[in-house]
Amino acid sequence: MTFSGFKVIKEALTGHKGWGPLWRTPEPKAQYDVVIVGGGGHGLATAYYLAKVYGVTNVAVLEKGWIGSGNVGRNTTIIRSNYLLPGNQPFYEFSMKLWENLEQDTNFNSMVSQRGIINLFHSDGQRDAYRRRGNAMMLSGAGARLLSQADLRERAPFLNFDNARFPIKGGLMQERAGTARHDGVAWGYARGADMRGVDIIQNCEVTGFRMDAGRVTGVETTRGVIGAGKVGVAVAGNSGRVMAMAGRRLPIESQVLQAFVSEGLKPVIPGVITFGAGHFYISQSDKGGLVFGGDLDGYNSYAQRGGLPVVEDVLEGGMALMPMLGRARLLRNWGGIVDMSMDGSPIIDRTDIGDLYFNGAWNYGGFKATPASGYAFAHLLARDEPHETARAFRFDRFARGYVIDEKGVGAQPNLH
Amino acid sequence: MTRLSGGLIDRNRPLKFTFNGTAYSGFAGDTLASALLANGVQLMGRSFKYHRPRGVFSAGSEEPNALVELREGARQEPNTRATVAELYDGLSARSQNHVGPLHRDLLAVNDLFSPFFAAGFYYKTFMWPRAFWEKLYEPLIRNAAGLGRLSMLPDPDSYDKGFLHCDLLVIGAGPAGLAAALTAGRAGARVILGDEDFHLGGRLLMESDLLDGAPAEAWVATVKAELESLPNVRIMTRTTVFGVYDHGIFGAVERVSDHLPEPGSTVRQTLWRITAKRSVLAAGATERHIPFADNDRPGIMLAGAMRAYANRWAASPVRQGNDAIAIFTNGDDGHRTARDLLAKGANLLGVIDTRKGAAAQGDYKVFDGAMVTGTKGRLGLRAIEITRDGQSSWHDAGALGVAGGWNPNVHLSSHHRGRPVWDEARLAFVPGQNGPAGMIPAGAAAGQGGTAQALASGAAGAIAALAEIGITAHPIALPTAKDASADQEAFWHVPGKRRAWVDFQNDVTVKDIKLAHQENMRPVEHLKRWTTLGMATDQGKTANVSALAVMAELTGKSLPETGTTIFRPPYTGVSLGVLGGGDTGKGFRPERLTPTHHWAKARGAEFVEVGPWMRAQYFPQAGERTWRETVDREVLAVRAGVGLCDVTTLGKIDVQGADAGEFLNRIYANMMGTLKVGMVRYGLMLREDGHLYDDGTCARLAEDHYVVTTTTANAGAVYRNMEFAHQCLWPDLDVQLISTTDAWAQIAVAGPKSRELLSRIVDGFDLSNEAFPFMACANLTVCGGLRARLFRISFSGELAYEIAVPARYGAALMERLMTRGQDLGATPYGTEALGVLRIEKGHAAGAELNGQTTAQMLGLGRMVSQKKDSIGAIMSRREGLAQEKRRLVGLKSLAPQTMAVSGAHLFEQGATRSMETDQGWVTSACYSPHLQGYIALAYLENGDARMGETLVAANPLEGTEVPVEVVSAHFIDPEGGRLRD
Amino acid sequence: MLIPHPLLGPRNAQEFTYLGDAQLLRRPDPQAPDAEAAFCDYVFQRSNPAGVHQELWFHEQGDRSWLVVTRNTVTHEILGAELACDVAKREGAQ
């Protein structure tokens, strides 16, 4: 069923009787060409692009709970392509271009809103680093602007300019960045994939891999064995858990990242703003909630909950930057499990097991990558070669010494 | 006025307040909601989506409707629940989320278009044409959405935070909580009793039940007096325990002065981190409603709330004294409200009971086997439709209480993702076995909602909890009480075609849930996200279970099979100000001050934030018009005479022990074990992954004593890593480490006249080049007996020293050097001049050591010793690092007045500007007064082989391009003669 | 979280800095012929279990000892803590 203005009006006037399921609830088949483990944003996007771009439709997406229950449903919804390094920037810019056309492509309003991101800087050294990055963004076509303090006073007069421990000196802005409605992204891809024949199978947890002569032939699940020509794993925070079933260790640690939303408020925050002297970033949802976050809790965890110290740290940053926030209230706070890698950059690659492919290590920025990640993983699964924008995201970059370390902190996942 | 008799309000303390500009009065003990009701005000707000008129729905923090902007100016506080806003004299509140006056909201037009705004509507439309989403649709939606407004002014109040510890934390001070606290208190346990209300007693205050034959508040007062007398018990009213964290840590907010017109000299709120060995969750229960057609009009509220307003606040829910009140219930609890209202003299229309054969429990009419199927009254309830056996009739009513059963407040028990379990007998979710470790639910929160049950389970909970930590508590005498009948039937919503609200604030109706079911949004989380059910400020406290029941009916599954809802912190909204803890403005982070800070300040220095440190940036003198003028003077003074700079911020680590040399061999990429006593060596540290990590000097003061210096930024991390290497990798080495960064003040004395200056303060120490050559170090005394360490090292490229004295003498040493060096032109210089001097010399700093670079890139690849193992040595040989071709070079600007800025990228002349043709980037840049031109350092592909080449430093970000010549990074004295003279 | 410091008793986790998997105690032999591969494994690969995890914490705002803490990554329950130098010495002796 295609959504259209006509359809929406017709249904409104006739009691919404004509809306059907957004996706089917199929029983798993015995065999698929491709089985994707993980019904999150990346898994669903992979299935969508496999079907739409690469014509591979005999595909199942296996989700242990409900689709979108992982990080795509619990992030702070920021999209951006403001990276520095040549291994990353073209990929994220490709993602941004897919975002820009996502609704028309999927016929589903994921509420992509290019309201801009501003990374504030507070020292000359930070400014120089942002200038280097901004220039990389210019070179990749992503676009960037260096904002002076005067520019910022105009755009965001509520920032603490005059009584700050770390005065705001300016900001790097990407105007094309912004936010999207996170659940809507998962749903749009799910519906688009389902319409093209992909089976989305919820409540189906993978419990093991079937192997034959060094190749994977299928997966064992809580709903039986499902055969597969190829298996793609896209399970983010659960990467370690799932790949352990294939006997593999990864350059990844699973850690908890908290996110926060305030009670609904009339519009106050334009776009996305990040603090450069404390770990705090913020935007405002269409519904009016302030959506914000900060640092990782910093230890290995699969618990989807964080601790009070990080809550305090985030709000210390928030109050230092925007002292007018004090009388708003926190509505909800939750944790997501993020797959932090040893250089802070992702992996989209074959594994050393035949027909087993891996997509992960999204660190704490997987959401913005969703379209390109799905596209590139679909490309890899369909063509068995990396997508041109994802060539650097290989497993062997660590052993060979070609890490993509935007922050320059080395093999210390909680610092990326 | 619709004020009733009795109640726990102080009629001797009238309070004035305004709502939407109209003046009213209430009494001490009122909430804003009770005072408004007592003034006959039903209409208090507007709903989120359809802007439906709304009145107060509850009497507690679960309130979905009566949200107001409280206070004026910078203290304006949006989305405040009128039900928990304690009345104070002069309170001012305004309703929110409407355009025009509350009773004539222009956005109420949304309600007419509600067929278009069904669940999930946004996802299906607003896509055409593409550009309209951001330019038209989204701004419209944004402005219509949201609830209250922030003032946009800095919060003027202060906040505090603190730690508390106890054996038993009792959450909630109703019957269960009081019994638990008293039991534990008498046992001598350290007890904290927290309640969000400003009175102890919880539900006891809302009911007419007798304890020991007397009104319950008498027992509450007795218990309160005893608890207050126990030194081991801390009572915390106005305190919400909002979250449960790992290992028995709870977050709680105490609203210290929200009940006052202004905080005065105290804080507004305090954030408490309570570490409790055990806890009793006695958070009570929240009543649920029964959705029916048009059930959201002002005047319709929870029956238990109606009872609470009548009993505790002596407030009637109707606009005028004699308006009829009806109760709609599926069980005996609704009859309790009817009895209490009758006792207060209310005009009771009757009780509409869904149960066939239900009988009156007092002198009122019962419509048994009946339902409410419709209502009238745009801004306040006027009439209800009662349907019984297919026959409908309209009845005038000014208020309707709805009693659908009680949901235990399981919230905190699910903060660790433990799932509540369905109790079919009680028709409610109760806390499961997998709640947070050490938490025992009691009272209504555990489904033990009868007064006697609650008292007993609270006391038993405390005994059980304390037994686990070895404290014996004995049963206490509990007052005699009755358990009211909780008989009810599973009746979840009234079927019908009109809209029946489930989630009031977010305007989610039974129809929306049906549509979600039809569209396969059936998992409870999909239902919530698709319809926004439970996402409002009340977190669906009155809505979620009813919604699950509707979905269960549609799927034909049982309610627990359909799903459970778990809750996340915080239990109720917590102000961002208190979570920030009050360290705002300049207090955001502490400042670290150097020993000469006050001296520099007195000389008029400008300061700059360098991590946590404040450092002198430059020292302007009278007549200097720009910072550059000042910095140029300082640089030239160093090159020509002698300059002084506080470099205390560099990390200093003392390394002592027989194996100190061997240990440092393993820490540094280059050899340190062979360093002669009395000498200093420049050292590179790598991360274990082979990348360059930190650099600095290493001095050997004795056979078994080294002093390591680090960069300012990495001082803490290098020390941590060295402790790691010592404790975790090589615990058998005889070495001890201590950070002495704060113990020693260190001053750089740089310039051709530095030896002369120093010779004037040392106590007979031979500074001659022969006795104390470049890279020498020594312990000595200065200024007549002050112990000091002297290092002949140079960051500027001049003859230079760094002298360290105990930190408390740092300022005195600086003053002495300035005095004694007056005739030599001794000049203090700051971080800017320091930066220029090191760029001129080609020394690396933070921009070059950014964690992405290697020793090769600095041109120091050969320093990584191949003869020994050290951290990072093996990994530095990996292919990608070994083949690294970028090198540090110098750049001279070929455009006379233009600087190649840091962050510019390098391109060959005529090359396209792209990531593929990118040749490197500028790391540091400055004006060199020595060379009288702009210079820079840069990393450049094959940099070593490109001396003399002309490149372009492109900065498309700011639209500038500068031609530059590639030169050696050592702009001055490349042979190093000045250092060694 | 509270970390049961073997010398100091329960301490708030805020006082500590986290490093990661306690395998980082087991630095490979740099002289071994396959040293580079062994170091790559040591530096980059993690078992990252959902369950019991041995991990290194540094008491940075305290006595500056490195601890090996045994903690369940699913429940956050802490099963024990030892001085890392004791563990390292014990393993070195084996």
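This structure is a prediction, so every number in the text was calculated from the model and none was measured.

Below, the discussion takes up the overall build of chain A. Within chain A, the regular secondary structure consists of 11 helices and 18 strands. A globule of 416 residues ought to have a C-alpha radius of gyration of about 22 Å, and chain A, at 21 Å, matches this closely. Taken over the C-alpha atoms alone, chain A extends approximately 65 × 60 × 40 Å along its principal axes. The buried share of chain A, reckoned over its 416 residues, is 71%. For chain A, contacts bridging at least 24 residues in sequence account for 74% of all contacts bridging at least 6. Surface exposure of chain A reaches about 11800 Å², of which carbon and sulfur atoms provide 51%. Measuring between centres, the 45 positive side-chain charges of chain A sit 3 Å from its 39 negative side-chain charges.

Residues and elements named next belong to chain B. Checked against the element boundaries, arginine 615 lands in strand S34 (residues 613–618). As a buried residue without a salt bridge, arginine 615 has its nearest oppositely charged side chain in aspartate 646, at a separation of 6.1 Å. Polar contacts involving the side chain of arginine 615 include one to the side chain of threonine 649, which spans 3.2 Å. In contact with arginine 615, not counting residues within four places along its chain, are Glu606, Phe607, Val608, Val610, Asp646, Val647, Thr649, Thr712, Thr831 and Leu834.

With that settled, the discussion passes to the interface of chain A and chain B. The accessible area lost on association of the parts is a frequent measure of interface size. Between chain A and chain B, the contact holds 119 residues from the first and 123 residues from the second. Regarding the contact of chain A and chain B, the summed buried area is about 10100 Å², with carbon and sulfur atoms giving 56% of it. Taken together, the connections running from chain A to chain B amount to 15 salt bridges. Element by element, the count of residues in the side of chain A that touches chain B is highest for helix H5 (residues 124–140) of chain A, at 11 residues. Partitioning the side of chain A that touches chain B into residue classes produces 55 nonpolar, 35 polar and 29 charged. As defined by bridge partners, strand S16 (residues 329–341) of chain A adjoins strand S31 (residues 574–575) of chain B across 2 bridges and the pair is classed as antiparallel. Residue A:Arg329 lies in a different strand from S31(B), and its bridge partner there is B:Ser575.

Sheet architecture is open: 9 strands sit in the order S5(A)-S6(A)-S4(A)-S13(A)-S14(A)-S15(A)-S12(A)-S16(A)-S31(B), paired in mixed fashion. The sheet terminates laterally at strand S5 (145–148) of chain A together with S31 of chain B, the two strands that pair on one side only. Across 6 bridges, the pairing between strand S12 (residues 252–264) of chain A and strand S15 (residues 289–300) of chain A is antiparallel. Opposite A:Phe260, over in S15(A), you have A:Phe292 as the bridge partner.

Below, the discussion takes up the packing of aromatic side chains. All chains considered together, the criterion is met by 50 aromatic pairs over all chains. Arranged with centres 5.9 Å apart and planes meeting at 25°, the rings of A:Phe91 and A:Trp362 form a pair that is stacked. Here the residue A:Phe91 occupies a position in helix H3 (residues 89–100), and A:Trp362 occupies one in the loop between strand S18 (356–360) and helix H10 (366–383), the gap between them amounting to 271 residues. A:Phe91 sits in the buried class, given a relative accessible area of 0%. Judged by relative accessible area, A:Trp362 falls into the buried class, the value being 6%. A centroid spacing of 4.8 Å and a plane angle of 40° characterise the contact between B:Phe126 and B:Tyr137, whose relative ring orientation is tilted. Here B:Phe126, found in the loop between helix H3 (121–124) and helix H4 (132–144), pairs with B:Tyr137, found in helix H4; they are 11 residues apart in sequence, far enough to count as distant. With a relative accessible area of 16%, B:Phe126 lands in the buried category. Aromatic ring contacts, followed pair by pair, group B:Phe117, B:Phe121, B:Tyr122, B:Phe126, B:Phe132, B:Trp133 and B:Tyr137 into a single cluster. Against the face of A:Trp19 rests A:Lys7, its NZ or CZ located 5.1 Å from the ring centre.

Our next topic: unusual backbone geometry. Keep in mind that most residues, glycine aside, have a negative phi and that most peptide bonds are trans. Residue and element names in this part refer to chain B. Along the chain, proline 569 connects to proline 570 via a cis peptide bond; the corresponding omega equals -5°. Its place among the elements puts proline 570 in the loop between helix H13 (559–562) and S31. Here arginine 71, not a glycine, exhibits a phi torsion of approximately 70°, which is positive. Checked against the element boundaries, arginine 71 lands in the loop between strand S5 (67–70) and strand S6 (77–81). One non-glycine residue, glutamine 932, lies in the positive phi region at around 50°. As for its position among the elements, glutamine 932 is in the loop between strand S48 (920–928) and strand S49 (933–941). On the accessibility criterion, glutamine 932 (63% relative accessible area) is exposed.

What follows covers a positive patch on the surface. Taken together, A:Lys17, B:Lys497, B:Lys511 and B:Lys514 make up a surface patch of like positive charges. Relative to the helices and strands, B:Lys511 is located in helix H10 (residues 510–518).

Turning next to the interface of chain A and chain C. Each partner contributes residues to the interface: chain A has 23 residues there, and chain C has 26 residues. Of the roughly 2100 Å² buried at the junction of chain A and chain C (both faces included), carbon and sulfur atoms supply 48%. Together, A:Arg249, A:Tyr299 and A:Asn300 form the three largest contributors to the area buried by chain A at its contact with chain C, with a combined 32%. If you look at where chain A meets chain C, you find 2 salt bridges.

Residues and elements named next belong to chain B. Scanning the entire structure with this criterion turns up 106 salt bridges over all chains. The shortest N-O distance in the salt bridge between arginine 52 and aspartate 296 comes to 2.6 Å. Residue arginine 52 is found in the loop between strand S3 (43–46) and strand S4 (53–55), and its partner aspartate 296 is found in the loop between strand S16 (285–287) and strand S17 (300–302); the two are separated by 244 residues along the sequence. Accessibility assignment for this pair places arginine 52 and aspartate 296 in one class, buried. In this structure, lysine 356 and aspartate 389 form a salt bridge, with 2.8 Å as the shortest nitrogen-oxygen distance. Placement of the pair is lysine 356 in the loop between strand S19 (348–353) and strand S20 (366–368) and aspartate 389 in the loop between strand S22 (383–388) and strand S23 (391–396), with a sequence separation of 33 residues. There is no split in this pair, since lysine 356 and aspartate 389 are both exposed.

Residues and elements named next belong to chain A. The assigned domain composition of chain A is domain 1 (5–77 + 183–250 + 343–400) and domain 2 (115–177 + 253–341). Relative placement of domain 1 and domain 2: their C-alpha centres are 29 Å apart. The interface of domain 1 with domain 2 comprises 18 residues on the first partner and 20 residues on the second. Of the roughly 1500 Å² buried where domain 1 meets domain 2, counting both sides, 48% is carbon and sulfur surface. Of all residues in domain 1, the largest losses of buried area upon contact with domain 2 belong to Arg74, Thr76 and Tyr364, amounting jointly to 48% of the total for that side. At the surface where domain 1 touches domain 2, the tally comes to 0 salt bridges. Considering each element in turn, the side of domain 1 that touches domain 2 owes the most residues, 3 residues, to helix H8 (residues 239–245). Across the side of domain 1 that touches domain 2, the residue classes tally to 4 nonpolar, 11 polar and 3 charged.

Residues and elements named next belong to chain B. Secondary-structure assignment places threonine 711 in the loop between strand S39 (705–710) and helix H18 (715–729). Polar contacts involving the side chain of threonine 711 include one to the side chain of aspartate 694, which spans 2.5 Å. When residues no more than four places from it in sequence are discounted, the contact partners of threonine 711 are Leu650, Gly651, Asp694 and Asp695.

Within soluble globular proteins, side chains that are nonpolar generally end up buried alongside one another. One finds A:Phe91, B:Leu32 and B:Tyr309 to be the most contacted residues of the largest nonpolar core, which totals 151 residues. With 9 residues, the single largest contributor to this core is H10(A). Ignoring sequence-local partners within four residues, the contact set of A:Phe91 consists of A:Ile348, A:Trp362, A:Ala369, A:Ala372, A:Ser373, A:Ala376, A:Thr389, A:Ala390 and A:Phe393. Grouped together as the second largest cluster of nonpolar side chains are 75 residues, A:Ala246, B:Tyr668, B:Val718 and C:Tyr42 included.

The rules we used
- Positions within a chain are numbered from 1, following the residues in the order the chain's sequence is written.
- Ligands are numbered from 1 and chains lettered from A, in the order in which they are written.
- It should be noted that, the model being predicted, local features are given only for residues of pLDDT at least 70 and side-chain atom pairs only at 80 or more, the latter also being counted only at that level, while totals for whole chains, interfaces and linings use all residues.
- To get the side-chain values, take all heavy atoms of the structure and skip hydrogens and water.
- Labels follow the DSSP assignment, with helices taken as runs of H or I lasting at least four residues and strands as runs of E lasting at least two, numbered in each case from the N terminus.
- As defined in this context, the radius of gyration uses C-alpha atoms, and a globule is described by 2.2 Å times the residue total to the power 0.38.
- Relative accessibility thresholds used throughout: buried, under 20% of the residue-type maximum; exposed, over 50%; partly exposed, between the two (1.4 Å probe, protein chains only).
- By definition, residues are in contact when any of their heavy atoms lie within 4.5 Å.
- Here, Shrake-Rupley sampling with a 1.4 Å probe gives the accessible areas, and only protein chains in the shown set may cover a residue.
- Residues scored as positive are Lys and Arg, those scored as negative are Asp and Glu, and His as well as the terminal groups of each chain are ignored.
- A charged residue contributes its charge at one atom only: NZ of Lys, CZ of Arg, CG of Asp or CD of Glu.
- By definition here, a salt bridge exists when the distance from a side-chain nitrogen of Lys or Arg to a carboxyl oxygen of Asp or Glu is within 4 Å.
- Between N or O atoms, a polar contact is any pair within 3.5 Å; within protein, one atom must be a potential hydrogen donor and the other a potential acceptor, and residues adjacent in sequence are included only when both atoms are from side chains.
- Two parts placed together each lose some accessible area under a 1.4 Å probe, and adding up what both lose gives the buried area.
- Any residue that is not Ala, Val, Leu, Ile, Met, Phe, Trp, Tyr, Cys, Pro, Asp, Glu, Lys or Arg is counted as polar, Gly included; the first ten are nonpolar and the last four charged.
- Strands qualify as paired when DSSP identifies two bridges or more between them.
- Ring pairs are drawn from Phe, Tyr and Trp, using the six-membered ring of Trp, whenever the two centres fall within 6.5 Å, and their geometry is named by plane angle: stacked under 30 degrees, edge-to-face over 60, tilted for the rest.
- For a lysine, the NZ atom is tested; for an arginine, the CZ atom; a charge sits over a ring if that atom is within 6 Å of the ring centre and within 35 degrees of the ring normal.
- Exposure above 30% relative accessible area and no salt bridge define the residues that can form patches, which grow by joining like charges within 9 Å and nonpolar side chains of Val, Leu, Ile, Met, Phe, Trp and Tyr within 5 Å.
- The domain limits used here are those given by an automatic or database domain assignment.
- Throughout this description, the term nonpolar core refers to a set of buried Ala, Val, Leu, Ile, Met, Phe, Trp, Tyr and Cys residues connected via side-chain atoms within 4.5 Å.

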